[in-house]
Amino acid sequence: MLRLGCEAIGVDCEMGTLMLADGRAVRNDLVVIADGAHSRLIEDFTGYPSAVSPTGRSIYRWLVSMDDVTADPDLRAYYENQLPGFTSWRDPLNDIFWVNYTCRGGTVLNNAVVHETQAGEGEDDLWHSSVSKEQVLAMLADFHPTTKKIVNMATEDGIKVHHLFKRPPLSSFVRGRALVVGDAAHVMMPTHAAGGAIAIESAASLEVLFAGVHGKDAATVAQRMQLFDQLRVPRCNLTMLASNAGPLWLNVPGVEEEIRRFYHGPLPPAGCLPWSKEFRELLFHHDEYGAAEQALAQAQVTSHRL
Ligand SMILES: Cc1cc2nc3c(=O)[nH]c(=O)nc-3n(C[C@H](O)[C@H](O)[C@H](O)COP(=O)(O)OP(=O)(O)OC[C@H]3O[C@@H](n4cnc5c(N)ncnc54)[C@H](O)[C@@H]3O)c2cc1C
C-alpha cells in the first residue's frame, strides 16, 4: 500500500521505526530510505552530519516547442533526420556545458546548461528559481548565434536555475533494518545522466532480492540486505564518482584511485572519453536483474554447502 502525504522526519535504523511529521512512529521489517538529494533521514542512517555541499555548479533548464525549433531554418539542421540521442555544445574556456534532447514524443526540446554558479542566482529556491533570458544569454555569450535562438524561444519566466550538490561516498548502504537508495545515498552531478538510472537499477535489485521474502524472517532479510550492499555500493559509487569528476571523468587525477576504494571491476582504457563505446558499455549496459539473480543463486549455493 502506498501512503501519500506522510512526511518522514526521522528513522531509527536498528528498530526499523520511521517517525512521521504527524507524530506517529511506524515500525517496519525493512525501511528503504529514498528521500532524495536533500535527504532528511540520511543523518539518522550515517550517524554523523551528512548535509550535501554545493559543488559551485548550477543548471539553467527550460523547455521549448520543437515546432518552434524546426520552423527556424538554421536550427532545423541540428535536429531533422538525425539519429536519436542528445545534442551538446561546450564552451571549454568558461566550463559551460549545454545539452539538449527531445522528449514528450519528440514535441518538446529539453535544455540544460551546466555552468559556474553566479552570485545571487538560485538562492531563493534551490530547485526552482527563475532566471532571466538576459542572464542566460550573457552566460552563453561565446556560443554560436544559432544556438542562442533556443534561449529566446523560452517563455517569459520559463528558465529555471538550481544548484548542484554532492556528498561523500558511503561505504555501506545498509544499517540495521534500513537501507538507502537513490540520491539520498549517492547524489551526483548530471554529467552522465546516470543518477536516476542507477536508482532504478537499485530498485531492480530490491525486486529480485526480496521476491518472496517474508518480512518476519529476519535472517533472510539481513542476508538479502548484505547482498544488496555488495551489489550496489561498488556500482553506485563508481557512477557517482565518475559523474562528479565531470566530462573528463577517469582522466581527472585521483578519480580512478577514489573509485577503486569501492569498485574493482573493469574500467575503460585510460583516455577513453565519455559516451564512447567502452564508456557506454560500463555505465549504461549493466543488467542489474541478471547481477542480482546471479548473486542470489551464488549465495544459495554457498548456504547449502555450509
Ligand atoms: C538537472 C538534472 C538532470 C538530470 N538528468 C538525469 C537524466 O537525464 N538521467 C538520469 O538517470 N538522471 C538524471 N538526473 C538525476 C535524477 O533526477 C535523480 O538521480 C533521481 O531523481 C533520484 O531519484 P530519488 O528517488 O533518489 O530522489 P527524488 O527523485 O528526489 O525523489 C525523492 C522523493 O522523496 C520525497 N521526500 C523527500 N523528503 C521526504 C520526507 N522527509 N518524507 C517523505 N518523502 C520525502 C520527495 O517528495 C520525492 O518524491 C538529473 C538530475 C538533475 C538535477
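Structural data are supplied above this passage.
This one's a predicted model, so the numbers in the text were calculated from it and none came from an experiment.

### Let's talk about the packing of aromatic side chains
Part 1 of the reasoning: Going through the model one piece at a time under the given rule, you end up with seven aromatic pairs.
Part 2 of the reasoning: When the centroid spacing of 4.9 Å and the interplanar angle of 85° are considered together, the rings of Trp89 and Trp98 count as edge-to-face.
Part 3 of the reasoning: One aromatic cluster is present, built from ring pairs that chain together Trp62, Tyr78, Tyr79, Trp89, Trp98 and Phe143.

### As for the nonpolar core
Part 1 of the reasoning: Counting residues in each nonpolar core, the largest one holds 51 residues, and the members touching the most others are Ile33, Phe173, Val180, Leu209, Phe228 and Ile259.
Part 2 of the reasoning: For this core, the element with the most residues is helix H8 (residues 218-244), which contributes eleven residues.
Part 3 of the reasoning: Excluding residues that lie within four positions of it along the chain, Leu209 makes contacts with Arg224, Leu227, Phe228, Leu231, Ala292 and Leu296.
Part 4 of the reasoning: With 22 residues, the next largest nonpolar core counts Tyr60, Val113, Phe143 and Ile150 among its residues.

### Some remarks on the sheet that holds strand E2 (residues 17-20)
Part 1 of the reasoning: Strands sit in the order E1-E2-E3 across an open sheet of three strands; the sheet is antiparallel. At either end of the open sheet lies a strand with only one pairing partner, and these are strand E1 (8-12) and strand E3 (25-27). Averaged over all adjacent pairs, the angle separating strand axes in this sheet is 20°, with direction ignored.
Part 2 of the reasoning: Summarising the sheet, E2 and E3 pair through three bridges and their orientation is antiparallel. Paired with Thr17 across the two strands is Arg27, which belongs to E3.

### A few points about the site of the ligand
Part 1 of the reasoning: The full set close to the ligand counts 17 residues, and Ala8, Asp183, Gly195, Gly196 and Ala197 are the nearest of them.
Part 2 of the reasoning: Contact distances for the ligand include 2.8 Å between a nitrogen atom and a backbone N or O atom of Ala8.
Part 3 of the reasoning: Burial of the ligand by the surrounding chains reaches 57%, relative to a free accessible area of 1000 Å².
Part 4 of the reasoning: Here the shell around the ligand takes three residues from helix H7 (residues 195-209), the largest share from any one element.

What counts, and at which threshold
- Residues numbered from 1 in each chain as written.
- Predicted model: local features only at pLDDT ≥ 70, side-chain atom pairs only at ≥ 80, totals over all residues.
- Heavy atoms only, no water.
- Phe/Tyr/Trp six-rings, centres within 6.5 Å; stacked < 30°, edge-to-face > 60°.
- Core = buried A, V, L, I, M, F, W, Y, C linked by side-chain atoms within 4.5 Å.
- Buried < 20%, exposed > 50% of the residue type's maximum accessible area, 1.4 Å probe, protein only.
- Helix = DSSP H or I, 4+ residues; strand = E, 2+ residues; numbered from the N terminus.
- Contact = heavy atoms within 4.5 Å.
- Pairing = 2+ DSSP bridges.
- Axes fitted to C-alpha atoms, helices over the stretch in contact; angles between N-to-C directions.
- Near = heavy atom within 4 Å.
- Polar contact = N/O pair within 3.5 Å; in protein donor to acceptor, adjacent residues only side chain to side chain.
- Areas by Shrake-Rupley, 256 points an atom, 1.4 Å probe, with all protein chains shown as cover.

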